[in-house]
Amino acid sequence: MDDFVLTPWESRGRIDYNRLVERFGLRPMDGPMKGRLREAAGQDHYMVRRGVFFAHRDLDMILESHRSGDGFFVYTGRGPSGQTHIGHLVPWVFARWLQERFGVRVYFQLTDDEKFYHSSTLTLEDTARLAEENARDFAALGFDPLKTHIIRDTVDMGALYPLAARVAKRITLSTARAAFGFGNDTNIGMVFYTALQSAPCLLEEGPVLIPLGVDQDPHFRLTRDVAPLLGHPKPALIHNIMAPGLGGPDSKMSAADPNSAIYTTDEPAAINRKIKRHAFSGGRADIDEHRRLGGDTAVDVSYQYLRMFFEPDDAILEGIRDGYESGRMLTGELKQELIERVTGFMEAHRARREDVDLGEFWFDHDEYKGRMRR
Ligand code: TRP
């Protein structure tokens, strides 16, 4: 019996990723697949190497399309329910790497409608404002403005609607219920919404690769069933694990609890305080015991953040792991390693974030139509 729940709108219990691969019918990112991606990209990515991206669907098809010269495009997105935290950045940083390595076009969807439908408190004005905040964080990661298009559902509905309509017609209520667990009290915005998340897959003729948190997979299972009926290749996916909340491996980052996550808008003092006070530790009860038994990196959130995001260098990460597990390094020292890296990253990120000219990134319907006619 599974004791965890993971849907686009709910996460409960400790996720067993092996079970998830079975339950969702994903392909694991195994050694040969990692090798093929590395070879095609001409470079390794630490998030792939370390299993942060742990599963895929049809990644082989994407690499084949690239090899044959047909190419592909990249799509990912964000539901603007709050400021951006570290967990959100994982697929975005990877999308940026894909753009750099493969020279591909990237579409980023901000689903202000989705988060309005889903929330009991956020107004449509709130989610639209948060969409702009999140767009800044995305653009600040260094995307090429000429090849990157940020879509806002409520602004760009004109471009999305014909695509969403074709999808919506082919998804029945009972299919949507089975995929998402909707009930009779679910508002009909939520029921239609999945067609909107599918729409960007159809923006171009060629195949799309979608880096995403694995919780978003159910949407694209539906898209994958529908796309061939519309004469499109099935969207390919590469899935990352969910970053744990500061509270520990079973916790999640929640907008309702500011101490559960580190946000890109946090000041250095807040970063310092959150990590020192709230980052779950794999250390022992007292120093003697810690020196004797060593810390547990599998549950230590500071270590996991270094592994997932903040320390790309394997040799340095290995040094930290060894120091902590052997008991030479104490929890306070491990936390200090994370604090330095997060503070450094956020300082540079925030400078870029202020400088971003979002005008260069907003989806432009006329530019898009012109490009598609060619
Ligand atoms: N529903 C996603 C969220 O809540 C946002 C999203 C839209 C998305 N399109 C996507 C995420 C494509 C990943 C890939 O965050």
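Our subject is the structure listed above.
Here the residue numbering is sequential within each chain, running from 1 through the sequence in written order. For this predicted model, a pLDDT threshold of at least 70 governs which residues receive local features, and a threshold of 80 or more governs which side-chain atom pairs are given and counted, while totals over whole chains, interfaces and linings are taken from all residues. With hydrogens and water stripped out, all remaining heavy atoms of the structure feed into the side-chain values.

Here, a salt bridge means any side-chain nitrogen of Lys or Arg that lies within 4 Å of a carboxyl oxygen of Asp or Glu. On inspection of all chains with the given rule, the structure shows 28 salt bridges. Between R49 and D44 there is a salt bridge whose closest N-O contact spans 3.3 Å. The buried label goes to any residue with under 20% of its type's maximum accessible area, the exposed label to any with over 50%, and the partly exposed label to all in between, with areas taken from a 1.4 Å probe on protein chains only. With relative accessibility at 31%, the residue R49 sits in the partly exposed group. For R341, the salt bridge goes to E337, with nearest N and O atoms at 2.8 Å. Residue R341 and its partner E337 are located together in helix α16 (residues 331-355), separated by 4 residues, close to a single helical turn. Among the residues examined, R341 registers a relative accessible area of 19% and is labelled buried. Look at the salt bridges and you will find they share partners, linking R38, D44, R49, R50 and D314 into a network. Under the DSSP-based scheme used, a helix requires at least four consecutive residues in state H or I and a strand at least two consecutive residues in state E, with every element numbered from the N terminus.

Two aromatic rings from Phe, Tyr or Trp, using only the six-membered ring of Trp, form a pair when their centres are within 6.5 Å; if the ring planes differ by under 30 degrees the pair is stacked, by over 60 it is edge-to-face, and anything between is tilted. Within this structure, the stated rule accounts for 19 aromatic pairs. Ring centres 5.4 Å apart and planes at 65° place the aromatic pair F72 and F102 in the edge-to-face group. You can see F72 sitting in the loop between α4 (59-67) and β5 (73-78) and its partner F102 sitting in helix α5 (residues 86-102), a full 30 residues away along the chain. For the residue pair F72 and F102, the accessibility class agrees, reading buried in each case. Each ring, one from F116 and one from Y117, has its centre 6.2 Å from the other, and the planes form 40°; the classification is tilted. Its relative accessible area of 33% is what places F116 among the partly exposed residues.

This part is about the site of the ligand. Of all residues adjacent to the ligand, which total 15 residues, the nearest are Y75, G79, E114, Q197 and Q216. In protein, a polar contact means a hydrogen-donor-capable atom and an acceptor-capable atom, both N or O and within 3.5 Å, with residues adjacent in sequence counting only if both atoms are side-chain atoms; elsewhere, any N or O pair within 3.5 Å suffices. Measuring from a nitrogen atom of the ligand, one finds a side-chain N or O atom of Q197 at 2.8 Å. Q216 places a side-chain nitrogen or oxygen 2.9 Å from a nitrogen atom of the ligand. Method for areas: the Shrake-Rupley scheme with a 1.4 Å probe, in which residue coverage is limited to the protein chains shown. When the ligand is considered free in solution it has 360 Å² of accessible area, and contact with the protein chains removes 92% of it. Every element with two or more residues in the shell around the ligand is listed here: β5, α6 (112-118), α10 (188-198) and β8 (208-213). Per-element tally for the shell around the ligand: the top contributor is β5, with 4 residues. Class assignment of the residues belonging to the shell around the ligand gives a composition of 5 nonpolar, 7 polar and 3 charged. Residues are classed as near a molecule or strand on a simple rule: at least one heavy atom within 4 Å of it. In this classification, the charged set is Asp, Glu, Lys and Arg, the nonpolar set is Ala, Val, Leu, Ile, Met, Phe, Trp, Tyr, Cys and Pro, and all remaining amino acids, among them Gly, are polar.

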